[in-house]
Amino acid sequence: MLIKRSPNGIEIPFPSEITPQHIFESRRNFIRQIALGSIAGGALLEMAGRQALAQNSGQKLAGKPNPAYVVMDRPSAYKDATTYNNFYEFGTDKADPAKYAGSLKPRPWSIVIEGEVKKPVMLDLDSLIKLAPLEERIYRLRCVEGWSMVIPWIGYSLSALIKKVEPTGNAKFIEFVTLADPKQMPGLRSPVLDWPYVEGLRIDEANHPLALLTFGMYGEVLPHQNGAPVRIVLPWKYGFKSAKSIVKIRFVREQPKTAWSRAAPQEYGFYSNVNPAVDHPRWSQASERRIGEDGFFTRKRKTLMFNGYNEVASLYAEMDLGKFF
Ligand SMILES: Nc1nc2c(c(=O)[nH]1)N[C@H]1C(S)=C(S)[C@@H](COP(=O)(O)O)O[C@H]1N2
Ligand SMILES: [Mo]
């Protein structure tokens, strides 16, 4: 989603494909920092330890498979789902989150729920997880950059949480604020976005049963790079709406200003429903590449309206989705 141009001015739509240089650079910087002594020995050991911890985590988390929410497409390989990520707080390259999210501390964690609700609350992670029975749901996720994956998520409908806090009649939208701690997130040093990463939904969208408050995937707690310890997953919207590592949920009267719509409003609207008929200003959204299926002769898949989740169509019946993209 970064705007990148090659030296001859040609736009390169998929930064993922062209950034080994970037990895190389950041690795070189890291080594340079060690050499200059700006990363102390102890800190270095601790970082290595955390990285190992993150890689070995894989703590089990069970969810009862919900057959109502299973797509027929074959799930993506765990390796792909955990090494090809967007999580700009850890760097803008697809490989960065898996490399650097070891420094994220997903426990202890708490989440604040405030604003237009009768029962504002601060919940620790375990209380939040226990709020409703965990389900496993296999969802397609379509990134605005033109690729998709299929992932077995574990969580429960966000609506269960919304009900508990009793929104007031003034609650028209929900804002999701995610962690922005420079000590845990090296990517915050870069001003690609105005941190923290903020996302939002209209309250009826948030209450749609498809909207999943998510704690795990592939039978395990969320790997750090996938938004540990809690994120949302909104399968009918472009992936960037599915905010990772949430620390605050605010019920508000006005449409929230989201990180991507502030960074580039003409490219990333508030709704961002997957829509093959509405092109991104710099590329078509008509088709997508399924990660793991790439090969020279592999055909791209046709992108489906609402990513195939037609059950959400009624939420937008009155809206011109070319205008409210
Ligand atoms: N906090 C935060 N959440 C985020 C992002 C991010 O950079 N920061 N990237 C988004 C984008 S663009 C996508 S495509 C999905 C990717 O989720 P995944 O890595 O679990 O597949 O996370 C979304 N959530
Ligand atoms: Mo994305």
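Just so you know, the residues in each chain are numbered from 1, in the order the chain's sequence is written. All chains are assigned letters beginning with A, and all ligands numbers beginning with 1, in the order in which they are written. The predicted nature of this model means local features are confined to residues of pLDDT at least 70 and side-chain atom pairs, given and counted, to a pLDDT of 80 or more, with totals for whole chains, interfaces and linings taken over all residues. Just so you know, side-chain values use all the structure's heavy atoms and leave hydrogens and water out.

Colleague: Whenever I open this one, the overall build of the protein confuses me. Can you help?
Modeller: A tally of regular secondary structure across the protein gives eight helices and 13 strands. Type-normalised accessible area, obtained with a 1.4 Å probe on protein chains alone, sets the label of each residue: buried when under 20%, exposed when over 50%, and partly exposed for intermediate values. The burial tally for the protein puts 50% of its 325 residues in the buried class. What makes two residues a contact is simply this: any of their non-hydrogen atoms within 4.5 Å. At a minimum sequence separation of 6, the contacts of the protein that also span at least 24 residues come to 72%. Here a helix means four or more residues in a row that DSSP labels H or I, a strand means two or more in a row labelled E, and each is numbered from the N terminus.

Colleague: Teacher, can you tell me more about the pairing of strand β4 (residues 135-142) here?
Modeller: In terms of residue burial, β4 counts as a mostly covered element, since six of its eight residues are buried. Whether two strands pair depends on DSSP finding at least two bridges between them. By the bridge criterion, three bridges tie strand β1 (residues 64-70) to β4 in an arrangement that is parallel. From the neighbouring strand, Lys-64 faces β4, where its bridge partner is Glu-135. Where β4 folds back on strand β5 (residues 147-157), the antiparallel hairpin that results is connected by four residues, among which Gly-146 adopts a positive phi of roughly 105°.

Colleague: How should I be thinking about the site of ligand 1 in this particular structure?
Modeller: Residues are counted as near a molecule or strand when any one of their heavy atoms sits within 4 Å of it. Taken together, 19 residues are adjacent to ligand 1, and Asn-85, Tyr-88, Glu-89, Arg-231 and Lys-244 come closest. Pairing of N or O atoms within 3.5 Å defines a polar contact, subject to two protein rules: one partner must be a possible hydrogen donor and the other a possible acceptor, and residues neighboring in sequence count only if both atoms are side-chain atoms. Contact between ligand 1 and Asn-86: a nitrogen atom at 3.2 Å from a main-chain N or O atom of the residue. At a separation of 2.9 Å, an oxygen atom of ligand 1 approaches a polar side-chain atom of Asn-226. In isolation ligand 1 exposes 530 Å². Once the protein is present, 99% of that is buried. Gly falls in the polar group here, along with every residue not listed as nonpolar (Ala, Val, Leu, Ile, Met, Phe, Trp, Tyr, Cys, Pro) or charged (Asp, Glu, Lys, Arg). Within the shell around ligand 1, the residues separate by chemical class into 10 nonpolar, six polar and three charged. For accessible areas, the Shrake-Rupley method is used with a probe of radius 1.4 Å. Any residue's cover is judged against the shown protein chains and nothing else.

Colleague: Sorry if this is basic, but what is going on with the confidence of the model for the protein here?
Modeller: As a per-residue measure, pLDDT tells how confident the predictor is, with possible values from 0 to 100. Mean pLDDT over the protein stands at 88; residues scoring 70 or higher make up 82%. Across residues 5-50, confidence stays below pLDDT 50; counting only partners more than four residues off in sequence or on other chains, it has 44 contacts.

Colleague: Looking at this model, I keep getting lost on the pairing of strand β2 (residues 110-115). Mind explaining?
Modeller: Each regular strand displays side chains that alternate between the two surfaces of the sheet. Where β2 lies against strand β3 (residues 121-124), four bridges are found, and the strand directions are antiparallel. The residue of β3 that forms the bridge with Ile-113 is Val-121. What sits between the antiparallel neighbours β2 and β3 is a turn of five residues. Across four bridges, β2 lies against strand β11 (residues 246-252) in parallel orientation. Across the sheet, the residue bridging to Glu-114 is Arg-250, located in β11.

Colleague: Teacher, can you tell me more about the packing of aromatic side chains here?
Modeller: Aromatic rings considered in pairs are described by the distance between their centres and by the relative angle of their planes. Two aromatic rings, drawn from Phe, Tyr or Trp (for Trp, its six-membered ring), form a pair once their centres lie within 6.5 Å of each other, and the interplanar angle then sorts them: stacked below 30 degrees, edge-to-face above 60, tilted otherwise. Evaluated as defined, the whole model comprises 14 aromatic pairs. Centre to centre, the rings of Phe-306 and Tyr-316 are 5.6 Å apart; their planes meet at 25°, and the pair counts as stacked. Of this pair, Phe-306 sits in the segment after β13 (301-302) while Tyr-316 is found in the segment after β13, placing the two residues 10 residues apart along the sequence. There is no split in this pair, since Phe-306 and Tyr-316 are both buried. Chaining the aromatic ring pairs together yields one cluster made of Phe-173, Phe-270, Tyr-271, Phe-306, Tyr-316 and Phe-324. Cation over ring: Lys-94 sits above Tyr-84, and NZ or CZ is 5.9 Å from the ring centre. Stacked on the ring of Phe-270, the Lys or Arg Lys-241 has its end atom at 4.3 Å from the ring centre. Charges are assigned to positions over rings by a cutoff of 6 Å between ring centre and Lys NZ or Arg CZ, combined with an angular limit of 35 degrees from the ring normal.

Colleague: I'm lost on the side chain of Thr-82 in this one. Help?
Modeller: Among the secondary structure elements, Thr-82 is positioned in helix α3 (residues 78-83). The class of Thr-82 is buried, set by a relative accessible area of 6%. At 2.7 Å, the side chain of Thr-82 and the backbone oxygen of Tyr-78 are in polar contact. Beyond its immediate stretch of four places on either side in the chain, Thr-82 contacts Ala-98, Met-217, Pro-223, Gln-225 and Asn-226.

Colleague: What should I look at first to understand the sheet that holds β11 in this one?
Modeller: Hydrogen bonds between backbone groups are what pair the strands of a sheet, and the pairing can be parallel or antiparallel. With mixed pairing, the five strands of this open sheet are ordered in space as β3-β2-β11-β6-β7. Strands with a single pairing partner mark the edges of an open sheet, and in this sheet they are β3 and β7 (198-202). Here the average twist between neighbouring strands, direction ignored, is 15°. Axes here mean lines fitted to C-alpha atoms, for a helix over just the part in contact, with angles spanning 0 to 180 degrees between N-to-C directions. Set on the sheet, helix α6 (residues 158-165) makes contact with β2, β3, β6 (173-178), β7 and β11; between it and β11 the angle comes to about 60°.

Colleague: Help me understand the nonpolar core, please; the structure alone is not making it clear to me.
Modeller: Side chains that are nonpolar tend, in soluble globular proteins, to be buried together. Leu-158, Phe-215 and Phe-251 are the most contacted members of the largest nonpolar core, which has 84 residues in total. The leading source of residues in this core is β5, at seven residues. In these notes, a set of buried Ala, Val, Leu, Ile, Met, Phe, Trp, Tyr and Cys residues joined through side-chain atoms within 4.5 Å is what counts as a nonpolar core.

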